[in-house]
Amino acid sequence: MRSIPIRASLLGAAICFAAMTGSAQSWDAAVNASSWAKQDRDDSFTFHDPAAKNLYTWIRDGGLLGTIPTGRLDGQPERWAIDPRGNAWVAHGTTLTYVDRTGRTMGSVRLPAEVGDLCWDAKGIVLSYRTPEPYLEKRDFRSAEMLWSFGAKPAKREGAAPQNRRPIILDDSGNVLMANGNALDLSILDANTGQKIGETRLRFNGTPAPALEGNTTDRDPLVVWVGKGVVFAALRAPQVPAAQRGTFQGLVLARLDLARTSVEFLPTGLDDSHILVGLLDSDAVFANPRGGLMLVHVK
């Protein structure tokens, strides 16, 4: 696959937006984005700029939509979500803090562990914790009150047990999909109740999907191709099973076709420091840790 900077494809939109507003944008994800983000339903992304200590919400066809200062937080933001009111819920360490659009902290809750990933719907935010065994919670957007939990809540002292990152995403039906360990198959949870309702049964060339290899403690993000029944999982080349790895280097996409229960591995041409943040049209979107967005065409 051929990767290209998103800047070129956005140039026309950026010029139009500047003409409408009468001023140039001070922050542009196409050249400045370098952090984790998760695509929202309106196709916007919220990135964190540690130097500026701001969360920037940006959309391809409209540029910068909003800025939320994070300078009052104790510690660096690790994961975040923008609620329906345009305020932010920010996970940092073992704390979840509610930050309004002016940067004021409106309250915090202590969490049972560090957050490895999160996703959200109109009702609340689902937190996937960095714990030895899977543990998720869904918390209400208004008060952070826990709506449900899945798995065994971790003990206060877990010792030297591995703290696994389990990426999660909402599918087209609004269910939570969770990746875990060295499995390509995904657990499926009801987002309203937290009950496990199934697991994918993916196959590679007619046989059950092979297990991933290497270090799978830190699994990279998942993104959904809306309306296609397809999920893309970002993998590092050493994690791809040896029989399927071939000449893969850097970052690889596992194309999980849930409708056809099939798996395919696709090269990106990017090094494995890039972060998968979403999918626009037929292009996977990656944040470059050195700044900017890259597009990789997918099928």
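Our subject in this report is the structure included herewith. From a predicted model like this one, the values you see are computed outputs, not experimental measurements.

Comments concerning the nonpolar core
In step 1: Formed by 25 residues in total, the largest nonpolar core has its most connected members in W89, V90, L118, I125, L127 and Y129.
In step 2: Among the elements of the structure, β5 (79-82), β6 (88-92), β7 (95-99), β9 (115-120) and β10 (124-129) are those that each provide at least two residues to this core.
In step 3: Among the elements that make up this core, the one with the highest residue count is β6 (four residues).
In step 4: Beyond its immediate sequence surroundings of up to four residues, I125 is in contact with A81, W89, L118, C119, W120, E137, K138, R139 and F141.

Quick notes on the pattern of salt bridges
In step 1: One pass over the full model with this rule turns up 17 salt bridges.
In step 2: In this structure, K38 engages D117 in a salt bridge whose closest nitrogen and oxygen atoms are separated by 3.5 Å. Linking K38 in the loop between α2 (29-32) and β2 (45-49) with D117 in strand β9, this pair joins segments that are 79 residues apart in sequence. Grouping residues by exposure puts K38 and D117 together as buried.
In step 3: The residue R255 makes a salt bridge to D257 at a minimum N-O spacing of 3.4 Å. For the pair R255 and D257, one class covers both residues: buried.
In step 4: Residues joined in a network through salt bridges with shared partners are K38, R79 and D117.

Some points on empty space enclosed by the protein
In step 1: All chains considered together, the criterion is met by one cavity of 30 Å³ or more.
In step 2: Taken together, W36, A37, K38, P221, L222, V223, L276 and V277 make up the full set of residues lining the largest cavity.
In step 3: Listing elements by their share of the lining of the largest cavity, those giving two or more residues are β19 (222-225) and β23 (275-280).
In step 4: For the lining of the largest cavity, the residue count by class is seven nonpolar, no polar and one charged.

Describing the layout of surface pockets
In step 1: What the largest pocket holds in volume is close to 470 Å³.
In step 2: Within the residue set of the lining of the largest pocket, elements represented by two or more residues are β9, β13 (168-170), β19 and β23.
In step 3: Residue contributions to the lining of the largest pocket peak at four residues, all from β19.
In step 4: The residue inventory of the lining of the largest pocket, partitioned by class, reads 11 nonpolar, two polar and seven charged.

Concerning the sheet that holds strand β15 (residues 183-189)
In step 1: Taken together, four strands build an open sheet; the order of strands is β13-β14-β15-β16 and the sheet is antiparallel. Edge positions in the open sheet fall to β13 and β16 (196-199), since each of these has one partner strand only. Averaged over neighbouring strand pairs, the angle between their axes works out to 25° when direction is ignored.

A short note on the environment of R101
In step 1: As for its position among the elements, R101 is in the loop between β7 and β8 (105-110).
In step 2: Beyond its immediate sequence surroundings of up to four residues, R101 is in contact with T67, I68, P69, R85, G86 and N87.

Quick notes on the rules
- Residues numbered from 1 in each chain as written.
- Predicted model: local features only at pLDDT ≥ 70, side-chain atom pairs only at ≥ 80, totals over all residues.
- Heavy atoms only, no water.
- Core = buried A, V, L, I, M, F, W, Y, C linked by side-chain atoms within 4.5 Å.
- Buried < 20%, exposed > 50% of the residue type's maximum accessible area, 1.4 Å probe, protein only.
- Helix = DSSP H or I, 4+ residues; strand = E, 2+ residues; numbered from the N terminus.
- Contact = heavy atoms within 4.5 Å.
- Salt bridge = Lys/Arg side-chain N within 4 Å of Asp/Glu carboxyl O.
- 1 Å grid on protein atoms, 1.4 Å probe; cavity = no way out; pocket = protein on both sides within 12 Å on 5 of 7 lines; lining within 4 Å.
- Points joined across faces, edges and corners; volume = space filled by probe spheres on them.
- Nonpolar A, V, L, I, M, F, W, Y, C, P; charged D, E, K, R; others polar.
- Pairing = 2+ DSSP bridges.
- Axes fitted to C-alpha atoms, helices over the stretch in contact; angles between N-to-C directions.

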